[in-house]
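# Fold and contact review
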Amino acid sequence: MSPSKGRFRNVFNVLFAATLAVACQPDTVTDVAAKPSARTAVDALDRVTADARKARVANADYELFIDLHSNPDEFAGKARLRFDLNDNSSDLSIDFGGGTIRELRVNDEPVEIDHNGFFIVVSAAALQRGPNTIDISYQHAYGEDGTGLHRFVDPEDGSTYLYTYLWPYYANRLFPSFDQPNLKATFSLSVLAPQSWEVVSMAEGAADAADNGARLWRFATTPKMSTYVFSLHAGPYQIWEDKAGAIPLRLLARKSLAPYVAVEEWFDVTRAGLAHYASYFEIPYPFGKYDQLIVPDFNIGAMENIAAVTFSENYVQRQQSSRSEREARASTILHEMAHMWFGNLVTHDWWNGLWLNESFATQMAAIAESNVTEFTDTWHGFFTVGKKAAYQRDSRVTTHPIEMSINATDEFFSVFDAITYQKGSSVLKQLEHLVGDENYRRGVSAYLKDHAYGTTELADFVGHQEKSAGMDLSEWSDEWLYKPGFNTLGSEIDCDAAVLKSLTITQSASAETPWLRTHLVDVALYDVDANGNLVANTILPVRIDGARTVVDVPNGQVCPLLVNPNHNDWTYAQIELSDTAAETLGGRLGNISEPLARSIFLAALFNRAMSGEMPIADYVAEGLKLADTEQNIRVVQQIATSLVQAIDVMYRLQPQTGEALALIVPEIEVQSLRRAHLADSQDLKRIWLNTFLGTVSSDSGIGTVRAMLDGKAEIAGIDMSSDLRWKLLTILSRNGVDGIDEMLEAERLRDASDAGAKSLLTARAAQPDVSLKSDFVDELQQPAAITGLSRQRAVMAGLFPANQTDLQLELLSKVLSALPQMSGKVDPYFMSSYASVLLTPMCQPESVAMLQSALDKDAARLDSTALRFLREAHQADSECLQLRNRPQ
């Protein structure tokens, strides 16, 4: 026995002797249990196994000890599982991914260890009806891909930071467990950690000195909760403290990042959000303290661990944050906070309920933002960003209903998307409009009160809405939740001279998702006022039902120049512009008085361009003209973003778009820089600078980029931060400027941060060198060659910019050939990035054919994540090829 393991065992024995008296309170145990089927040895939990286990197990309680001190290369632990079992006629599996089991005792008797690397099998012979206790000693490697217990070593000061990410099925990489949301349990946690570290978990904790420079932390027993929102975070974090009434607040970040954290802003949003939700839900915050941790290498934006929320470091900027960055930060803070009630206090029974959890939190965050932050027009931003993403995802061949069956946890990327988040919240917004906002709020409050600390199905939520509103929502549920796709709304008018005789709202759907829905909308009729503005003089509430809805119009209604069938954006449906309507809008978008309406019509024009109904260059001209007069910052951001996207597509369509690009790109460069110089706010300056950086490619523009990097050109009010310098270097790199290697090396020495190291990878990968790119692809196909998912993603982000589709096509066969070999062997987070980022459209007959060949040959060998993104890549490439054949 090594000395370190001896210390581990001594601490273990003392700890568990002191905590044996802790017992869980019994609940009712059912007598009838589903018989489990044989479980396949894979890194996933299927629903059949989960349901069978749920039918047998109740009253789970975990007593956990985790040693983060004794061995720097892995952590060790001991888990005591107490639970009631109503059927001991068959074996029982306990989830534990990776790691090594050192000792297994069942009901105080040692048993033979049966661990296949994915779960432990406990023999039926060792189990008993009624109370059972299982003690498991184990060791496990730290995670490098952002899952389980992830370890990060800060390159700036050498400090080590740990945090957990356990959604949806990674708690079993931290401790052996029944890792499913509907087996809620209580948790008692103790942690041995270095003296200088802070340790954070779901409950309040305190530390006592231990041997060998360590401290032993003990945390209070939690209320019943699901494993995926368990948390353990440790390291020498910088800590800021505050209060929201009686609720203790803490914010934590690694020390080298601490100078950049917007602490007061973070606490201001937190305090306002906690007060808002307590009032809205009519339930005080249920978990005592509220910690928020900003952590490195995080796989997603944030995670709603109970009372210890984790956030990506992307929410911290190394320069003054822009308005959009502040809004994104506030939105995410409020989104995760909403989960404390909806998701954590009340939890979905299985992963088909993920959409309601996430859609609701997205909706609640928007409502809270509108009420308690400066972003009172947040629903406008939701349209320009969130709903755009939803429509795009819903148009893919892999679209799915909002509510859908999830067979196993490894299928979570089937629903971890804009349908689950943005489409779902759009549909909930339509539901709130249908039942009334106060009825909706009361239904939510009753739902949370009735199911606190339990788990629910969709019917529970809908039932409370039906009761609160006094209406039957079965047809609504069938139309909106169980059928994929979206509708398009148009209008037909019949006028006699200047008087409107009839107005019909048309509804259509794609051939692949042909379902029509009922929509409660406002229809706006536009005319010209005395100043030449397009004004919605008449707004009519309309219930759209079926393919054609005849609208009752007021007598003597003036014939409108324009109709918006989704004014105020109440429903989830795109609007369709006729050729006449598009002509009416031509050059006149700036004459529409309402900012949201301008956004809706601008989005409709962009959709026409992306579908080939108008040349992309014509859309760019419309966007630039609107920018001349636009004052609303959300519309300005929408213009800027769409211009960058339009130019990206035009690069992919070369050589057909070559002449247009030669004219358009220099014009965008000049206008963007001019607007950045003249803008009276830093937010507008940043928007237009980013537009320049997102489109620049002319010799003159590249010269300006180089001058900015060298300090010979600047925009007043914009600091030349390290992040901006890396953006400039990546642009120079992808455009193949001379001396780029020396410039990148100089910047590496200048910026030794983790962000700098990742930016260096992106910039290097962007170089137009097929041999270099091929080496990077080789390394990505052996993920251990580039350690850490965040660094792998940094490489992927640079590999294939839009102006290098020829190199991408040259390497396409290599990218595709590895999919079957990696499928099922790499984590879904890696696979989702690899199969989407490296397969962006090339818009060539050869690329379309190669993607189709890969589908024909390999589909049966691909896991659900790889297959989804491969199918989407083929669809996007096919659509882009069709666009190539349209006039540009």
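The structure reproduced in this document is the subject of the present report. (Residues numbered from 1 in each chain as written. Predicted model: local features only at pLDDT ≥ 70, side-chain atom pairs only at ≥ 80, totals over all residues. Heavy atoms only, no water.)

## Describing the overall build of the protein
A count of helical and extended segments in the protein gives 27 helices and 28 strands. On C-alpha atoms alone, the protein measures out to a radius of gyration of 28 Å, which is about the 29 Å that the 2.2 N^0.38 rule sets for 888 residues. By the burial criterion, 60% of the 888 residues in the protein qualify as buried. When contacts within the protein are restricted to residue pairs at least 6 apart in sequence, those whose partners lie at least 24 apart make up 72%. Looking at the protein as shown, the accessible area adds up to about 33200 Å², and 51% of this sits on carbon and sulfur atoms. (Helix = DSSP H or I, 4+ residues; strand = E, 2+ residues; numbered from the N terminus. Rg over C-alpha atoms; globule rule 2.2 N^0.38 Å. Buried < 20%, exposed > 50% of the residue type's maximum accessible area, 1.4 Å probe, protein only. Contact = heavy atoms within 4.5 Å. Areas by Shrake-Rupley, 256 points an atom, 1.4 Å probe, with all protein chains shown as cover.)

## Section: the sheet that holds strand β12 (residues 205–209)
Spatially, eight strands are ordered β5-β4-β7-β2-β1-β10-β13-β12 in an open sheet, and the strand pairing comes out mixed. If you trace the sheet from one side to the other, it starts and ends with β5 (109–110) and β12, each paired once. Judged from the five bridges that link them, β12 and strand β13 (residues 214–219) form a sheet pairing that is antiparallel. Paired with Gly205 across the strands is Phe219, a residue of β13. (Pairing = 2+ DSSP bridges.)

## Comments concerning the pairing of strand β23 (residues 499–508)
Direction of pairing for strand β22 (residues 487–496) relative to β23: antiparallel, over a ladder of nine bridges. Bridging across to β23, Glu492 finds its partner in Thr504. Between β22 and β23, which follow one another and run antiparallel, lie two residues, and Ala497 among them has a positive phi close to 60 degrees. Two elements, β23 and strand β26 (residues 548–551), share four bridges in a ladder whose sense is antiparallel. Within β26, the position partnered with Leu503 by the bridge is Val551.

## Some points on unusual backbone geometry
With an omega dihedral of -5 degrees, the bond running from Trp167 to Pro168 counts as a cis peptide bond. Along the polypeptide, Pro168 turns up in the loop between β9 (160–165) and β10 (185–194). Put simply, Gln654 and Pro655 share a cis peptide bond, and its omega is 10 degrees. Checked against the element boundaries, Pro655 lands in the loop between α14 (633–652) and α15 (658–678). Located in the positive-phi region is Asn59, a residue other than glycine, with phi close to 55 degrees. In this fold, Asn59 is placed in strand β1 (residues 57–67). We classify Asn59 as buried; its relative accessible area is 7%. Despite not being glycine, Asn212 shows a phi value in the positive range, around 60 degrees. Along the chain, Asn212 turns up in the loop between β12 and β13.

## So, the sheet that holds strand β19 (residues 308–312)
Taken in spatial order, the five strands line up as β15-β16-β17-β19-β18 in an open sheet, and their pairing is mixed. Looking at the sheet topology across the chains shown, the edges are occupied by β15 (238–244) and β18 (302–303). With five bridges joining them, strand β17 (residues 290–295) and β19 adopt parallel strand pairing. The residue bridging Ile294 from the neighbouring strand is Phe311, located in β19. Each of β15, β16 (247–253), β17 and β19 is contacted by helix α3 (residues 263–281), which is oriented at about 145 degrees to β16, the strand it contacts most. (Axes fitted to C-alpha atoms, helices over the stretch in contact; angles between N-to-C directions.)

## Details of the environment of Trp355
Following the sequence through the fold, Trp355 ends up in helix α5 (residues 354–372). Judged by its relative accessible area of 2%, Trp355 is buried. Along the sequence, Trp355 and Val542 sit 187 residues apart, while their C-alpha atoms lie 28 Å from each other. Beyond its immediate stretch of four places on either side in the chain, Trp355 contacts Phe360, Ile402, Glu403, Thr420, Gly424, Leu428, Leu458 and Leu481.

## As for helix α27 (residues 864–884)
Taking 1.5 Å as the rise per residue, α27 with 21 residues should run 30 Å; its terminal C-alpha atoms sit 30 Å apart, in good agreement. Burial analysis of α27 places 15 of its 21 residues in the buried class, the great majority of the element. Looking at where α27 begins, the residue whose side-chain oxygen comes 3.1 Å from the main-chain nitrogen of Thr865 is Asp863. (Expected span 1.5 Å × (residues − 1). Polar contact = N/O pair within 3.5 Å; in protein donor to acceptor, adjacent residues only side chain to side chain.)

## Some points on helix α8 (residues 437–450)
The end-to-end C-alpha distance of α8, which contains 14 residues, comes to 20 Å, matching closely the 20 Å that a straight helix rising 1.5 Å per residue would cover. Restricting attention to buried positions, one finds in α8 the residues Asn439, Tyr440, Arg441, Gly443, Val444, Ser445, Tyr447 and Leu448. Contacts made by the buried residues of α8 are with α3, α5, α7 (419–435), β21 (455–456) and α9 (458–469).

## Digging into empty space enclosed by the protein
This structure, assessed with the given rule, holds one cavity of 30 Å³ or more. When its volume is computed, the largest cavity comes out at roughly 120 Å³. Around the largest cavity, the lining is made up of 17 residues, and of these His348, Gly353, Leu356, Tyr447 and Thr456 lie nearest the centre. Residue assignment for the lining of the largest cavity shows that the elements contributing at least two residues are β20 (347–348) and α5. No other element matches α5, which puts three residues into the lining of the largest cavity. (1 Å grid on protein atoms, 1.4 Å probe; cavity = no way out; pocket = protein on both sides within 12 Å on 5 of 7 lines; lining within 4 Å. Points joined across faces, edges and corners; volume = space filled by probe spheres on them.)

## Thoughts on the pattern of salt bridges
Per the stated rule, a full pass over the model turns up 55 salt bridges. The salt bridge involving Glu103 is made with Arg105; its shortest N-O contact spans 4.0 Å. Given a relative accessible area of 26%, Glu103 falls into the partly exposed group. Between Glu374 and Arg326 there is a salt bridge; the shortest N-O distance is 3.3 Å. Residue Glu374 is located in the loop between α5 and α6 (378–394), and its partner Arg326 is located in helix α4 (residues 323–339); the two are separated by 48 residues in the primary sequence. The exposure class of Arg326 is buried, given its relative accessible area of 18%. (Salt bridge = Lys/Arg side-chain N within 4 Å of Asp/Glu carboxyl O.)

## Some remarks on the layout of surface pockets
As a volume, the second largest pocket reaches approximately 980 Å³. Lining the second largest pocket are 41 residues; nearest its centre among them are Asp43, Arg173, Lys825, Val826 and Asp827. At three residues, the largest contribution of residues to the lining of the second largest pocket is made by helix α25 (residues 828–837). Looking at the lining of the second largest pocket residue by residue, the class counts come to 18 nonpolar, 15 polar and eight charged. (Nonpolar A, V, L, I, M, F, W, Y, C, P; charged D, E, K, R; others polar.)

## Focus on the state of the cysteines
Throughout the structure, instances matching the rule amount to two disulfides. Disulfide pairing is shown between Cys495 and Cys559; the S-S distance is 1.9 Å. The S-S bond linking Cys495 to Cys559 shows a torsion near 80 degrees; that makes this disulfide right-handed. Of this pair, Cys495 sits in strand β22 while Cys559 sits in the loop between β26 and β27 (562–567); the two residues are 64 residues apart in sequence, bridging distant segments of the chain. By sequence-ordered numbering of the bonded cysteines, the protein has its disulfides arranged as 1-2, 3-4. (Disulfide = S-S within 2.5 Å.)

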